Amino acid sequence: MARAGLTTDRVVAAAADLADEVGFENVSLSALARRFGVKDASLYSHVRNLHDLRTRIAFLAGGEMIDGIAAAVAGRAGRDALAAFADAYREYALEHPGRYAATQTRIDQSLAATAPAFARTAEVTYGMLRAYGLAEPDLTDAVRLLRSTFHGYCALEATGAFSASRDVQTSWTRAVTALHVTLEHWPRDESTP
């Protein structure tokens, strides 16, 4: 029987908070059980194992992140939408480092296909890129460029790797502007009919 007051949602939310505090890779069932003042076994009524818990954190974080991005880009197009998307992405990554790390983990595709956050992420991202007139396979390539740029920048910023005297925010704004210019002048895939 599940301990009174514990629900799967509460367990996953607490695990996501723990991830932000100690790092996603340091989340364990034992640490989470201590947070609730219960034995590890009490959590198995809510999650199957550590892998299941981490997958659920990834789904929670992915949903939170895309909800913030969607709110930021609503009613915007082109460069304004790209900048709002980028800023919301960066804000989430820096404010929720453990949750953000969870969004970067590989998820079983059969599970991802059933997660509303994944479908919403594709919808919002492709919707934001619509103003640039891209079609497949260019859309996929553009999404990969944006994701790798945003992730790389956020990962470096989070570790304090930008040590030059240039303001980090200024560099971020210039990077987003450069991405906008690239998207406007996207080289079309010559192999596509």
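Computed from a predicted model, the values in this text were never measured in an experiment. (Residues numbered from 1 in each chain as written. Predicted model: local features only at pLDDT ≥ 70, side-chain atom pairs only at ≥ 80, totals over all residues. Heavy atoms only, no water.)

Participant: In this structure, what is going on with the packing of helix 1 (residues 8-22) against helix 2 (residues 29-36)? I would like to understand it.
Facilitator: Two packed helices can be described by the angle between their axes and the distance between those axes. Direction vectors running N to C along helix 1 and helix 2 enclose 110°, while the axes themselves pass 10 Å from each other. Viewed along their axes, helix 1 and helix 2 adopt a mutual orientation that is roughly perpendicular. In this structure, the crossing between helix 1 and helix 2 has a hand that is right-handed. Across the interface between the two elements, Arg10, Val11, Ala14, Ala15, Asp17, Leu18 and Glu21 of helix 1 pack against Ala31, Leu32, Arg35 and Phe36 of helix 2. Here the contact of helix 1 with helix 2 is composed, by residue class, of seven nonpolar, no polar and four charged. (Axes fitted to C-alpha atoms, helices over the stretch in contact; angles between N-to-C directions. Helix = DSSP H or I, 4+ residues; strand = E, 2+ residues; numbered from the N terminus. Parallel < 35°, antiparallel > 145°, perpendicular 65-115°, else oblique. Left-handed = near helix turned anticlockwise from the far one by under 90°. Contact = heavy atoms within 4.5 Å. Nonpolar A, V, L, I, M, F, W, Y, C, P; charged D, E, K, R; others polar.)

Participant: Quick question: what am I supposed to make of the pattern of salt bridges here?
Facilitator: Once their charged atoms are close, side chains differing in charge can pair, the charge on each being opposite to the other. In this structure the tally under the stated criterion is eight salt bridges. Between aspartate 67 and arginine 120 there is a salt bridge, with its nearest N and O atoms 3.4 Å apart. In this pair, aspartate 67 is assigned in helix 3 (residues 50-73) and arginine 120 in helix 7 (residues 116-129), connecting sequence segments 53 residues apart. Residue classification places aspartate 67 among the partly exposed residues on the basis of a relative accessible area of 42%. Exposure remark for arginine 120: the relative accessible area of 32% places this residue in the partly exposed category. (Salt bridge = Lys/Arg side-chain N within 4 Å of Asp/Glu carboxyl O. Buried < 20%, exposed > 50% of the residue type's maximum accessible area, 1.4 Å probe, protein only.)

Participant: Got a minute to help me understand unusual backbone geometry in this structure?
Facilitator: What you tend to see is this: most non-glycine residues have negative phi, and most peptide bonds are trans. Of the consecutive residues glutamate 136 and proline 137, the connecting peptide bond is found in the cis state with omega at 5°. By secondary structure assignment, the location of proline 137 is in the loop between helix 7 and helix 8 (138-158).

Participant: When you look at the nonpolar core in this model, what are you seeing that I'm missing?
Facilitator: Across soluble globular proteins, nonpolar side chains show a tendency to be buried alongside one another. By size, the foremost hydrophobic cluster in this structure holds 33 residues, and its most contacted members are Ile69, Leu82, Phe150 and Leu183. At the level of secondary structure, the elements contributing two or more residues to this core comprise helix 3, helix 4 (78-95), helix 7, helix 8 and helix 9 (168-184). Per element, the largest residue contribution to this core is ten residues, and it comes from helix 4. Residue contacts for phenylalanine 150: discarding those within four places in its chain leaves Leu82, Phe85, Ala86, Tyr89, Trp172 and Leu179. (Core = buried A, V, L, I, M, F, W, Y, C linked by side-chain atoms within 4.5 Å.)

Don't take any of this as a statement about function, it's just geometry.
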